[in-house]
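Chains, contacts and geometry: an overview
Next come the chains, spelled out residue by residue.
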Amino acid sequence: MSEAQANIGVVGLAAMGASLARNLAHKGNTVAVYNRHYSRTETLIDKHGDEGKFVPAKTLEEFVASLTKPRTAIIMVKAGEPTDDMINALADLMEPGDIIVDCGNAYYKDTMRREKAIRARGLHFVGCGVSGGEEGALKGPSMMPGGTKESWKTLGPILESISAKAEGEPCVTHIGSDGAGHFVKMVHNGIEYSDMQLIAESYDLMRRGLGMEPSEIGDLFEEWNKTELNSYLIEITAEVLHHVDKKTGKPFIDVVLDHAGMKGTGTWTVQTALSLGVPVTGIAEAVFARGLSSQTELRAEAAKQGLEGPSEVVPMPLEERQAFINDIREALYASKIVAYAQGFNEISEAAKEYGWDIDLAAVARIWRGGCIIRAQFLNRISEAFESGEANVSLLFAPYFKDAVETVQRSWRRVISRAISFGIPMPVFSSSLAYYDGLRSKRLPAALIQGQRDLFGAHTYQRVDEPGVFHTLWTEEGQEEIKQS
Ligand code: NDP
């Protein structure tokens, strides 16, 4: 048996786990490492053993024995059943006060269930969202841990040392109890879907609507990255659009099949929002857009059917074209603000539902570095939550309210032009519809209430009198009765 000497351990040494273990070792930790098949452990030690202090273990028993108390073990194995199996196996070998951390992509309700079961055994369970992929795990991810405050005391300083830094601050904070960390990571991914789709819609409009070449659009994204849109996703978009396929010499984008994949976190974000009653319309449309892209048979059939629509390229005088490109940039910014407003709204409603004390300003701060949605304007978002101005909605904070007001004419022009070009803009247009819905003093929901009362006696409330009413629609004179 190994002597207890490692202050932290990592179980699961595939891409993410190996990178996280190396990151931990680089920061001066002594890291116990274990993988189901020992070959991965050997590879890690052979290739990177000289980067820091590792304690390789052949068995889980050896792994646990090599950890100093309170033992802290990070699990980075395949999500789902393998994670459950590994948690239980570790819990069987650990003692009260020890900490099990799941850094995989778990569904927040699974994390709540696991936390409850592990807490009952006297151990701490931390569900920790990690964003930034393999490179982030190695060089500094954005981390979203849940769990008890007590576990954060041990874990916090370690996670702070390995996380990304934004303006010198670690991109990790204790999010809240049980599933709060994985919930926030889920919404992060939902916003990521929206952000990516918005960029893709901007590209589509310039490519098909204006007939621009990918590299030309890539140049524009590079320019846009120097504006309020500055972000990792805009930066990599420019890189993808400039990339030329080695085999054919064609723009890379033109040789890639247009079926967007997904792993499920976007869908979870939308399903959860539906059950919480929070309209995350931009995120939902982004998920559905990926769905439509992947309905290959249906799209092939539509192509055969030759569904009618406007022709795509509409020549535009140079000046008008420049102005339109500027409109697209501004519309992208406004829609992006809506995506974040909706995402933060989902987090705050979940916090009420599950009793999580989530500091939204801190969430915005830890997303400034290491994660996929890192963006300069998260500084402004965190300020808006810190000052309390965004407590009800990000769209009410003066900075963002002014920003949307300033660009809304461009936003409307872009969407109406896209419609006339026949180019779909699901997230651009649903974001504007959300904004217009929010600012409407009166919505046609009154008519829906009337319909519901007529066909199903579902009752309604009046604008001029408290209580619940039902109209006897079949009675002569359509008598109205008050039910309470
Ligand atoms: P994978 O999700 O591909 O999982 C492979 C690892 O899981 C291997 O170490 C494998 O061990 C282990 N494993 C699989 N089944 C079992 C089992 N039944 N019992 C024990 N171990 C098992 O690895 P990744 O590194 O890509 O991801 C790890 C976790 O991190 C996942 O939950 C993933 O969702 C999450 N994540 C991934 C990100 C990414 O960008 N890839 C980003 C953020 C989170 P063996 O070698 O023995 O087969």
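Up top is the structure.
Summary of the structure given here. As the structure is a prediction and not an experimental result, all values here were calculated from the model.

Taken together, 19 residues are adjacent to the ligand, and Met16, Asn35, Arg36, His37 and Arg40 come closest. When the free accessible area of the ligand is taken as 890 Å², the share hidden by the protein chains comes to 77%. Of all the secondary structure elements, the ones that give two or more residues to the shell around the ligand are helix 1 (15-26) and helix 4 (81-93). For the shell around the ligand, the per-class residue count stands at 10 nonpolar, six polar and three charged.

Residues of strand 7 (residues 142-145) alternate between two faces, with Ser142 and Met144 on one and Met143 and Pro145 on the opposite face, all of them buried. Pairing analysis gives four bridges linking strand 6 (residues 124-131) to strand 7, with the strands arranged antiparallel. Bridging from a neighbouring strand, Val130 pairs with Met143 of strand 7.

The next thing to look at is the side chain of Arg114. Note that Arg114 resides in helix 5 (residues 108-120). With a relative accessible area of 4%, Arg114 lands in the buried category. Sequence-distant contacts of Arg114, defined by excluding residues within four places in its chain, comprise Gly80, Thr83, Asp84, Ile87, Asp102, Ala106 and Phe125.

A rise of 1.5 Å per residue sets the reference length of helix 19 (residues 426-439), with its 14 residues, at 20 Å; its end C-alpha atoms lie 20 Å apart and thus fit the reference within 8%. Within helix 19, burial applies to Val427, Phe428, Ser430, Ser431, Leu432, Tyr434, Tyr435 and Asp436. Packing partners of the buried residues in helix 19 comprise helix 8 (180-209), helix 13 (281-293), helix 15 (318-354) and helix 18 (398-421).

Attention shifts here to the packing of helix 4 against helix 5. The interhelical angle for the contact between helix 4 and helix 5, taken along N-to-C directions, is 15 degrees, at an axis separation of 11 Å. With respect to their mutual orientation, helix 4 and helix 5 come out roughly parallel. Helix-helix and strand crossings are classified by hand; for helix 4 and helix 5 the assignment is right-handed. Across the interface between the two elements, Thr83, Asp84, Ile87 and Ala91 of helix 4 pack against Arg113, Arg114 and Ile118 of helix 5. Counted by class, the contact of helix 4 with helix 5 contains three nonpolar, one polar and three charged residues.

Within the open sheet, the seven strands sit side by side as 3-2-1-4-5-6-7. Their pairing is mixed. Two strands bound the open sheet, and with one partner strand each, they are strand 3 (53-56) and strand 7. Geometrically, the sheet is characterised by an average inter-axis angle of 25 degrees between neighbouring strands, direction not taken into account. Where helix 8 meets the sheet, it contacts strand 5 (99-102), strand 6 and strand 7, and its direction lies at approximately 15 degrees from that of strand 6.

Counting residues in hydrophobic clusters, the biggest one holds 91 residues, and the most contacted among them are Phe221, Ile358, Trp367 and Ile381. The dominant element in this core, judged by the number of residues it contributes, is helix 15, at 15 residues. With residues near it in sequence (within four places) discarded, Ile358 still touches Ile175, Ala180, Val184, Ile347, Ala351 and Val363. Formed by 28 residues, the second largest nonpolar core is a distinct cluster that contains Ala25, Met76, Val101 and Trp152.

Together, Val240, Phe252, Val255 and Val256 make up an exposed nonpolar region whose accessible area comes to about 270 Å². Along the polypeptide, Val256 turns up in the loop between helix 11 (252-255) and helix 12 (265-276).

Where side chains of opposite charge bring their charged atoms close, a pairing between them can arise. Applying the stated rule across the entire model yields 31 salt bridges. Notably, a salt bridge pairs Glu349 with Lys352, separated by 2.8 Å at the nearest N-O pair. Here Glu349 and its partner Lys352 are both found in helix 15, three residues apart, which amounts to about one turn of the helix. For Glu349, a relative accessible area of 26% corresponds to the partly exposed category. Several salt bridges share partner residues, and in doing so they unite Asp84, Asp102, Asp110, Arg113 and Arg114 into one network.

A few words on the packing of helix 8 against helix 19. Put simply, helix 8 and helix 19 touch, their axes get as near as 8 Å, and they point 115 degrees apart. The angle between helix 8 and helix 19 falls in the class roughly perpendicular. The residues of helix 19 that touch helix 8, namely those facing Ser194, Gln197, Leu198, Glu201 and Ser202, are Pro426, Val427 and Phe428. Class assignment for the residues of the contact of helix 8 with helix 19 results in four nonpolar, three polar and one charged.

In total, this model carries 18 aromatic pairs according to the counting rule given. Aromatic side chains Tyr108 and Trp356 sit 6.2 Å apart centroid to centroid with 80 degrees between the ring planes, which places their arrangement in the edge-to-face category. With a gap of 248 residues between them, Tyr108 in helix 5 and Trp356 in the loop between helix 15 and helix 16 (360-366) connect regions that are remote in the sequence. Residue class for Tyr108 comes out buried when judged on its relative accessible area of 2%. Through a chain of ring-to-ring contacts, three or more aromatic side chains come together here, namely Tyr107, Tyr108, Phe183, Trp268, Tyr354 and Trp356. Above the plane of the ring of Tyr232 lies Arg374, whose end atom (NZ or CZ) is 4.0 Å from the centre. Against the face of Phe324 rests Arg417, its NZ or CZ located 5.2 Å from the ring centre.

Scoring rules and cut-offs
Residues numbered from 1 in each chain as written. Predicted model: local features only at pLDDT ≥ 70, side-chain atom pairs only at ≥ 80, totals over all residues. Heavy atoms only, no water. Near = heavy atom within 4 Å. Areas by Shrake-Rupley, 256 points an atom, 1.4 Å probe, with all protein chains shown as cover. Helix = DSSP H or I, 4+ residues; strand = E, 2+ residues; numbered from the N terminus. Nonpolar A, V, L, I, M, F, W, Y, C, P; charged D, E, K, R; others polar. Buried < 20%, exposed > 50% of the residue type's maximum accessible area, 1.4 Å probe, protein only. Pairing = 2+ DSSP bridges. Contact = heavy atoms within 4.5 Å. Expected span 1.5 Å × (residues − 1). Axes fitted to C-alpha atoms, helices over the stretch in contact; angles between N-to-C directions. Parallel < 35°, antiparallel > 145°, perpendicular 65-115°, else oblique. Left-handed = near helix turned anticlockwise from the far one by under 90°. Core = buried A, V, L, I, M, F, W, Y, C linked by side-chain atoms within 4.5 Å. Patch = residues over 30% accessible without salt bridge, like charges linked within 9 Å, V, L, I, M, F, W, Y side chains within 5 Å. Salt bridge = Lys/Arg side-chain N within 4 Å of Asp/Glu carboxyl O. Phe/Tyr/Trp six-rings, centres within 6.5 Å; stacked < 30°, edge-to-face > 60°. Lys NZ or Arg CZ within 6 Å of the ring centre and 35° of its normal.

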